[in-house]
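Observations on chain architecture
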Amino acid sequence: MKQTVAEQIHDLQKKLTEYAYAYYVKDQPVVDDAYYDQLYQQLVALETAHPEYQTSDSPTQRVGGVVRKGFEKVVHEIPLYSLNDVFSKAEIIAFDQRVQKTLGHAVSYICELKIDGLSISLKYENGRLVRGATRGDGTIGENITDNSKTVKSIPLTLTEPIDIEVRGECYMPKASFIQLNQKREEEGLDIFANPRNAAAGSIRQLDSKVTASRNLSTFLYTLADFGPLHVTNQAEALTHLDDLGFRTNQERAVCSTIDDVWAYIESFHDKRSQLPYEIDGVVIKVNDFSDQNQLGFTVKAPRWAVAYKFPPEEAQTTIEEIEWTV
Ligand code: NAD
């Protein structure tokens, strides 16, 4: 029997919430990301066409992730956001048009690889690491200070005695992931579905020694508040993070046209399998901070950035046909 729009929306919200729980809380996804993304886009389209059925607890209105049992909660005074996804050049052009319409002028973008790990936030006081936290739901995360101290690429002391909160991605290199799963298989333990889930499971361990044994790494890419750095754009900010002792991803590029952005995406689509870490796309950010400030945020994501998601490397899940009408 054909579902009503309200039933379709409710059904998609329920399914996505269940999948998100398995992914963010259990670190054991039950469907692959491409399938999740497809259902999510269907929900976005239905809710956009029928906003009367959109609820504030819909997965489209919340940053995924909750605090796991056993972890102290951390309140992020400045929230961590997600990103809006795009899947084609046409959608990137539409994003650029929205940006130009709001700002009234053309902008440069910075393209960064979208590292497939989990978002973390590191707080430094007087140049010393005092707190590590997961993104959680964006406002409340998990305290992972002791575990972060075991990750070798996270500096315990910065090159300058400043107070900052740095954010970025904690990930598991492909080689460590293969080794870890081999070992788990030999020990008769469940294997991790992918390096992202392995990283999330490893940084959220109650015993820091386990985290230390997992060979995690990081790429930091932003600050909660750029005030202390006196930088005016993302490219300068990343260079400054390098100078402070953080590991940033060096594959970034400033692009002045969407054709250049697309060329960057295509080149990494081809090089993706050769990288020693997993990426699931490219993040395209307005480079200039005053432009970013003018564009602002939605409830879930910045209006000054989008994540282009690569098509799935291989179809792992049979996409079930959902009858839906917008
Ligand atoms: P996201 O992964 O789509 O994008 C936002 C995240 O990108 C940020 O929080 C940040 O951690 C990360 N990121 C990596 N490199 C970055 C960079 N250079 N600059 C800025 N951010 C960068 O969003 P999300 O909310 O973390 O997760 C949603 C995605 O998770 C979905 O699109 C889906 O693919 C996956 N997911 C899968 C399932 C499943 O069951 N398979 C369930 C829930 C979510």
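Let us look at the structure shown here.

Procedures and definitions
- Residues numbered from 1 in each chain as written.
- Predicted model: local features only at pLDDT ≥ 70, side-chain atom pairs only at ≥ 80, totals over all residues.
- Heavy atoms only, no water.
- Core = buried A, V, L, I, M, F, W, Y, C linked by side-chain atoms within 4.5 Å.
- Buried < 20%, exposed > 50% of the residue type's maximum accessible area, 1.4 Å probe, protein only.
- Helix = DSSP H or I, 4+ residues; strand = E, 2+ residues; numbered from the N terminus.
- Contact = heavy atoms within 4.5 Å.
- Salt bridge = Lys/Arg side-chain N within 4 Å of Asp/Glu carboxyl O.
- Pairing = 2+ DSSP bridges.
- Axes fitted to C-alpha atoms, helices over the stretch in contact; angles between N-to-C directions.
- Parallel < 35°, antiparallel > 145°, perpendicular 65-115°, else oblique.
- Left-handed = near helix turned anticlockwise from the far one by under 90°.
- Nonpolar A, V, L, I, M, F, W, Y, C, P; charged D, E, K, R; others polar.
- Near = heavy atom within 4 Å.
- Polar contact = N/O pair within 3.5 Å; in protein donor to acceptor, adjacent residues only side chain to side chain.
- Areas by Shrake-Rupley, 256 points an atom, 1.4 Å probe, with all protein chains shown as cover.
- Expected span 1.5 Å × (residues − 1).

Another point: the nonpolar core. In terms of nonpolar packing, the biggest core is built from 35 residues, with Tyr124, Ile164, Leu241 and Phe246 touching the most fellow members. Taken together, the elements giving at least two residues each to this core come down to strand E4 (118-125), strand E7 (164-171), helix H5 (174-186), helix H6 (195-203), strand E8 (217-223) and helix H8 (234-244). Dropping the residues within four chain positions of it, leucine 241 is found in contact with Val166, Leu220, Tyr221, Thr222, Leu223, Leu229, Phe246 and Thr248.

Using the criterion set out here, one finds 14 salt bridges in the structure. Between aspartate 37 and lysine 309 there is a salt bridge, and its shortest N-O distance comes to 3.2 Å. Of the two residues, aspartate 37 sits in helix H2 (residues 33-49) while lysine 309 sits in strand E11 (residues 305-309), which places them 272 residues apart along the sequence. With respect to burial, aspartate 37 and lysine 309 carry one shared label: buried.

What follows is about the sheet that holds strand E5 (residues 128-134). Spatially, the four strands line up as an open sheet ordered E5-E4-E7-E8, and their pairing is antiparallel. Each having just a single partner strand, E5 and E8 make up the two edges of the open sheet. Along the sheet, successive strands turn relative to each other by an average axial angle of 30°, direction set aside. By the bridge criterion, six bridges tie E7 to E8 in an arrangement that is antiparallel. Bridged to arginine 167 within E8 is threonine 222. Strand contacts of H6: E4 and E7, with the helix running at about 40° to E4, the strand carrying the most contacts. H8 contacts E7 and E8 of the sheet and is inclined by roughly 130° relative to E8.

The next subject is the packing of helix H3 (residues 89-103) against helix H9 (residues 258-271). The description of two helices packed together rests on the angle between their axes and the distance between the axes. The N-to-C vectors of H3 and H9 enclose an angle of 140°; their axes lie 11 Å apart at closest approach. The pairing of H3 with H9 is recorded here as oblique in orientation. With respect to the hand of their crossing, H3 and H9 are arranged in right-handed fashion. Contact residues: H3 offers Lys89, Ile92, Ile93 and Asp96, while H9 offers Ile258, Asp259, Val261, Trp262 and Ile265. Residues belonging to the contact of H3 with H9 are distributed by class as follows: six nonpolar, no polar and three charged.

Taking burial as the measure, the eight residues of E4 include six buried ones, the bulk of the element. Alignment of E4 against E7, held across seven bridges, turns out to be antiparallel. Directly across from lysine 123, in E7, lies its bridge partner glutamate 165. Where E4 and E5 come together, six bridges link them in antiparallel fashion. Note on E5: the bridge partner recorded for lysine 123 is arginine 131. Counted between consecutive antiparallel strands, the loop separating E4 from E5 contains two residues, among which asparagine 126 sits at a positive phi close to 55°.

Moving on: the site of the ligand. Around the ligand sit 25 residues in total, of which Asp37, Lys114, Ser119, Glu169 and Lys309 are the nearest. Between the ligand and aspartate 33 there is a distance of 2.9 Å, counted from a nitrogen atom to a side-chain nitrogen or oxygen. In this structure, a nitrogen atom belonging to the ligand sits 2.9 Å away from a side-chain N or O atom of lysine 285. Protein coverage of the free-state accessible area of the ligand, which is 820 Å², stands at 93%.

Our next topic: helix H1 (residues 5-25). For H1, spanning 21 residues, the distance from its first C-alpha to its last is 29 Å, which sits close to the expected 30 Å at 1.5 Å a residue. Packing partners of the buried residues in H1 comprise H2 and H6. Phi turns positive, to about 60°, at aspartate 27, one or two residues after H1.

Attention shifts here to the packing of H1 against H2. Packing of H1 against H2 brings their axes to within 10 Å, and their N-to-C directions diverge by 145°. In the crossing of H1 with H2, the sense of the turn from one axis to the other is left-handed. Between H1, through Val5, Gln8, Ile9, Leu12, Gln13, Lys15, Leu16, Tyr19, Ala20 and Tyr23, and H2, the contact on the second element is made entirely by Asp33, Tyr35, Tyr36, Leu39, Tyr40, Gln42, Leu43, Leu46 and Glu47. When the residues that make up the contact of H1 with H2 are grouped by side-chain class, the tally is 13 nonpolar, three polar and three charged.

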